Amino acid sequence: MQKVFYPVTAILHFCSMKTIFTFILLCCAAAVLGQARFVDSLRQKQHIPGISVCVGNREGILWAQGFGYADLENSIPVTPDTKFRLGSVSKLLTSLAVGLLYQQGKLALDSPVQHYLPEFPQKRYPITSRQLAGHTAGIRHYRGSDPLSVPKRYLSVTEGLTIFKDDSLLFKPGSSYNYSTYGFNLLSAVIESAAGKDFLSYMRDSIFTPLGMKGTIADYSDSIIPNRVRFYERRKGKWVNAALVDNSYKWAGGGFLSTPKDLVNMARGLLNHNLLRKETVDLLFTPQYLSNGDNTHVGIAWRIDEDKQGRRMLHHGGLIDGGRTFVLVYPESGIIVAITANMSGVNINLDEAAIIAGYFLKQ
């Protein structure tokens, strides 16, 4: 007898609503089960103490789960509410502040930074907020002589600028690309001036609260922060505590704590235009070009790529003492992946995030 295969849509046409709902649940359950195995295999192969992952779309959270331990000494497991260091994924949060102030007419992206910070030293060429957000301003990144090995509390974002503010530019702004966390430090001072409010308060009141990001906060090293992980690194085959750091010099570029659920909700807010209008979101997601016409594949903080199927991917990773974070967004389908780990040197990148997304893109 010849076998006849019906497409899923034809099968569902003859099914009751209860059967359809059950079918959808089974598909989602299969995706989650496969992905849970994949994520836990990453944790075990790399000897990562704890991982948290969340997948969502425009409608809501599809899956959120913790693996391993947030605190090895006390055997505290990771949960979806566990807070991890974001590292440079903090730049994505800062990009929303840039977008909101631009949308409100309070921040001119192509005005020199001295328009907002007249005290910042003049350079050979003017620097703009757009260039800072796209890493084309010529501001340097870290170097070995920076005073970061001994933890120091910087009392304001402008105080944190003292690390690099007197250094020369690496190149004429707009002519080349150089990834720079310090550029985002400077951008946070511009945000403060444009908003008329200190950076952390502005982020809390204008970005995190409207987007329901209840688990996102500055990583104060001396504060008691519920659900914050312990931070680890791997040395000579053993887990040890990561070096003590104070991230107050770089809140905007690498100093926030958050959860994958909050990061997914942040991206959902962008895709649903809950905080920023469509044209503003498009601005964040549009690549900048150098003066010679080269595409940087970076918009306002967001990195912009395509996969082998031609689907647009927006993403960013963060690597920091005791932490790794990665966020991936497929804007057309609305699938969002956020994954965090509490160990230095973790190898979770675009490929791994795309594998997780792939299970849900097929549904």
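Residues numbered from 1 in each chain as written. Predicted model: local features only at pLDDT ≥ 70, side-chain atom pairs only at ≥ 80, totals over all residues. Heavy atoms only, no water.

**Focus on the sheet that holds strand S5 (residues 217-218)**
Moving on, step 1. Strands sit in the order S4-S8-S5 across an open sheet of three strands; the sheet is antiparallel. Only two strands of the sheet have a single partner each, and these edge strands are strand S4 (84-85) and S5.
Moving on, step 2. Across two bridges, S4 lies against strand S8 (residues 256-258) in antiparallel orientation. Considered in S8, the bridge of Phe84 is made with Ser258. (Pairing = 2+ DSSP bridges. Helix = DSSP H or I, 4+ residues; strand = E, 2+ residues; numbered from the N terminus.)

**Examining the nonpolar core**
Moving on, step 1. The biggest cluster of nonpolar side chains holds 70 residues, and the ones touching the most others in it are Leu93, Ile139, Phe199, Ile207 and Trp302.
Moving on, step 2. Membership of the second largest hydrophobic core comes to 28 residues, among which are Val39, Leu42, Val55 and Met313. (Core = buried A, V, L, I, M, F, W, Y, C linked by side-chain atoms within 4.5 Å. Buried < 20%, exposed > 50% of the residue type's maximum accessible area, 1.4 Å probe, protein only.)

**Here's the deal with the packing of helix H3 (residues 90-103) against helix H7 (residues 199-208)**
Between two packed helices, the angle of one axis relative to the other and the distance separating the axes together describe the packing.
Moving on, step 1. Orientation of H3 relative to H7, taken along the N-to-C sense of each, is 80°, at an axis distance of 10 Å. Our classification of the angle between H3 and H7 gives roughly perpendicular. Where H3 abuts H7, its residues Leu93, Thr94, Leu96, Ala97, Leu100 and Leu101 lie against Phe199, Tyr202, Met203, Ser206, Ile207 and Phe208.
Moving on, step 2. For the contact of H3 with H7, the class distribution of residues is 10 nonpolar, two polar and no charged. (Axes fitted to C-alpha atoms, helices over the stretch in contact; angles between N-to-C directions. Parallel < 35°, antiparallel > 145°, perpendicular 65-115°, else oblique. Contact = heavy atoms within 4.5 Å. Nonpolar A, V, L, I, M, F, W, Y, C, P; charged D, E, K, R; others polar.)

**Overview of H3**
Moving on, step 1. Here H3 spans 20 Å end to end across 14 residues, near enough to the 20 Å set by a 1.5 Å rise per residue.
Moving on, step 2. Counting buried residues in H3 gives 13 out of 14 residues, a clear majority hidden from the surface.
Moving on, step 3. Backbone geometry just downstream of H3 places Gly105 in the positive-phi region, at approximately 75°. (Expected span 1.5 Å × (residues − 1).)

**So, the packing of aromatic side chains**
Moving on, step 1. In the structure shown here, the tally under the stated rule is eight aromatic pairs.
Moving on, step 2. Three or more aromatic residues joined by ring pairs form one cluster here, namely Tyr142, Phe164 and Tyr182.
Moving on, step 3. It is Arg85 that lies over the ring of Phe231; its NZ or CZ is 3.6 Å from the centre.
Moving on, step 4. Just above the ring of Phe184 sits the side chain of Lys91; from NZ or CZ to the centre is 5.7 Å. (Phe/Tyr/Trp six-rings, centres within 6.5 Å; stacked < 30°, edge-to-face > 60°. Lys NZ or Arg CZ within 6 Å of the ring centre and 35° of its normal.)

**Brief notes about unusual backbone geometry**
Most peptide bonds are trans, and most residues other than glycine sit at a negative phi.
Moving on, step 1. If you check the backbone angles, Asn227 has positive phi at about 70° while not being a glycine.
Moving on, step 2. Note that Asn227 resides in the loop between S5 and strand S6 (232-235).

**What about helix H11 (residues 350-361)?**
Moving on, step 1. Between its first and last C-alpha atoms H11 spans 15 Å; for 12 residues at 1.5 Å apiece the expected length is 16 Å, and the two agree.
Moving on, step 2. Within the sequence span of H11, burial applies to Glu352, Ala353, Ile356, Ala357, Gly358, Phe360 and Leu361.

**Digging into the pattern of salt bridges**
Moving on, step 1. Tallied over the entire structure, the rule returns 20 salt bridges.
Moving on, step 2. With a shortest N-O distance of 3.0 Å, Asp246 and Arg153 are connected by a salt bridge. One end of the pair, Asp246, is in the loop between strand S7 (238-241) and helix H8 (251-254); the other, Arg153, is in the loop between helix H4 (129-134) and helix H5 (157-160), with 93 residues separating them in the sequence.
Moving on, step 3. What makes Asp246 buried here is its relative accessible area of 9%.
Moving on, step 4. Of the residues examined, Arg153 reaches a relative accessible area of 26% and is grouped as partly exposed.
Moving on, step 5. One salt bridge connects Glu332 with Arg312, and the closest N-O pair in it is separated by 2.9 Å. (Salt bridge = Lys/Arg side-chain N within 4 Å of Asp/Glu carboxyl O.)

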